[in-house]
Amino acid sequence: MVIVGDDPASRIYVNNKKKACAECGIYSEEYALPESTTQEELLELIDRLNKKSDISGILVQLPVPEHIDETTIINAINPNKDVDAFHPVNVGKIMVGNFDFVPCTPAGVMELINESGIDVSGKECVVVGRSNIVGKPQAMLLLHKNGTVTICHSRTKDLASHTKNADILVAAVGIPKFITGDMIKPGAVVIDVGINRLENKKLCGDVDFDSAEKIAGAITPVPGGVGPMTIAMLMKNTVRAAVINRTGKQS
Ligand code: L34
């Protein structure tokens, strides 16, 4: 795990990941670099970790400081150690449907759906948000499960007309309480990916839980919903990476 700078939210997430590794018996190293770290220095560290045979997975916590180019960093990680599945090789594999690693947050959403006995096949799935980290891969994973997938974003006209059709609604926009009960189809599955920190330091999702809960058939809370699932899926990817890097084969 590599963390650059001192973003307090990133600090919490990396601590949670470290704790999860310890609980699972996964050996982990943390590289906490100062905000002033240059892109060159970060690339050198990644190169060292790429070559280190006792390290199966590399994660550079995002966001990185502005003077560092995120894409350059992601592209530098050995795809076989890319437990986030952010490298273009892994992104491409997800598109094709033959993948080793699944991005942790969308994978966590799929696990929640799956473990709740919800069948995606033929369902109207609406993903609100189109980030490379969540929205796009989320849409792809739902599509692989034969959902009918719509991706909505900031330029979508009449958002509610889309969200009201959703049997499965995934909110990943990063705006507190953006999705309200009146935008939800009665009985829908509502999954809240948002983690927003309000001024009073309290965490809140992209869904207005109080109004949505009355309409939804199933709903995830924030905190205690998708966040912990993200970390669980990171553990899964890391074990997978260990197998791939030791045997050169998929598990
Ligand atoms: N490279 N950067 C990389 N990989 C990732 O998968 C992430 N992400 C996102 C931010 N940057 C990343 C995370 O790990 C978001 N994220 C993440 C991880 C864990 C939690 C939330 C987001 C989490 O533990 N959430 C707890 C609350 C934690 C708190 O108190 O703030 C929850 O119950 O939702």
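See above for the structure.
Residues numbered from 1 in each chain as written. Predicted model: local features only at pLDDT ≥ 70, side-chain atom pairs only at ≥ 80, totals over all residues. Heavy atoms only, no water.

Participant: Looking at this model, I keep getting lost on the site of the ligand. Mind explaining?
Facilitator: What surrounds the ligand is a group of 18 residues, the closest being K17, V60, D84, R197 and G224. Between the ligand and the protein, one listed contact pairs an oxygen atom with a side-chain N or O atom of R197 at 2.5 Å. Taking G224, its main chain carries an N or O atom lying 2.6 Å from an oxygen atom of the ligand. Alone, the ligand offers 680 Å² of accessible surface; in the complex the protein occludes 84% of this. Of all the secondary-structure elements, those providing two or more residues to the shell around the ligand are α1 (8–24) and α9 (226–247). For the shell around the ligand, the residue count by class is 10 nonpolar, five polar and three charged. (Near = heavy atom within 4 Å. Polar contact = N/O pair within 3.5 Å; in protein donor to acceptor, adjacent residues only side chain to side chain. Areas by Shrake-Rupley, 256 points an atom, 1.4 Å probe, with all protein chains shown as cover. Helix = DSSP H or I, 4+ residues; strand = E, 2+ residues; numbered from the N terminus. Nonpolar A, V, L, I, M, F, W, Y, C, P; charged D, E, K, R; others polar.)

Participant: What should I look at first to understand the sheet that holds strand β6 (residues 189–192) in this one?
Facilitator: Pairing between the strands of a sheet comes from backbone hydrogen bonds, and it takes one of two forms, parallel or antiparallel. Read across the open sheet, the five strands follow the order β4-β3-β5-β6-β9; overall the sheet is parallel. Because the sheet does not close on itself, it has two edges, and the strands there are β4 (148–152) and β9 (218–219). As paired elements, strand β3 (residues 124–128) and strand β5 (residues 168–171) share four bridges and run parallel to each other. Looking across to β5, one finds that V126 is bridged to L169. (Pairing = 2+ DSSP bridges.)

Participant: Can you walk me through the packing of helix α4 (residues 88–96) against helix α6 (residues 135–144) in this structure?
Facilitator: The packing of two helices is summarised by the inter-axis angle and the distance between the axes. The N-to-C vectors of α4 and α6 enclose an angle of 30 degrees; their axes lie 9 Å apart at closest approach. Between α4 and α6, the angle falls in the class roughly parallel. Contact residues: α4 offers I94, M95 and V96, while α6 offers M140, L141 and H144. Residue composition of the contact of α4 with α6, grouped by class: five nonpolar, one polar and no charged. (Axes fitted to C-alpha atoms, helices over the stretch in contact; angles between N-to-C directions. Parallel < 35°, antiparallel > 145°, perpendicular 65-115°, else oblique. Contact = heavy atoms within 4.5 Å.)

Participant: Would you explain the side chain of N50 in this entry?
Facilitator: In this structure, N50 sits in helix α2 (residues 39–51). Under the relative-accessibility criterion, N50 is labelled buried at 17%. Apart from residues no more than four positions distant in its own chain, N50 is found in contact with I58, A76, I77, N78 and K81. (Buried < 20%, exposed > 50% of the residue type's maximum accessible area, 1.4 Å probe, protein only.)

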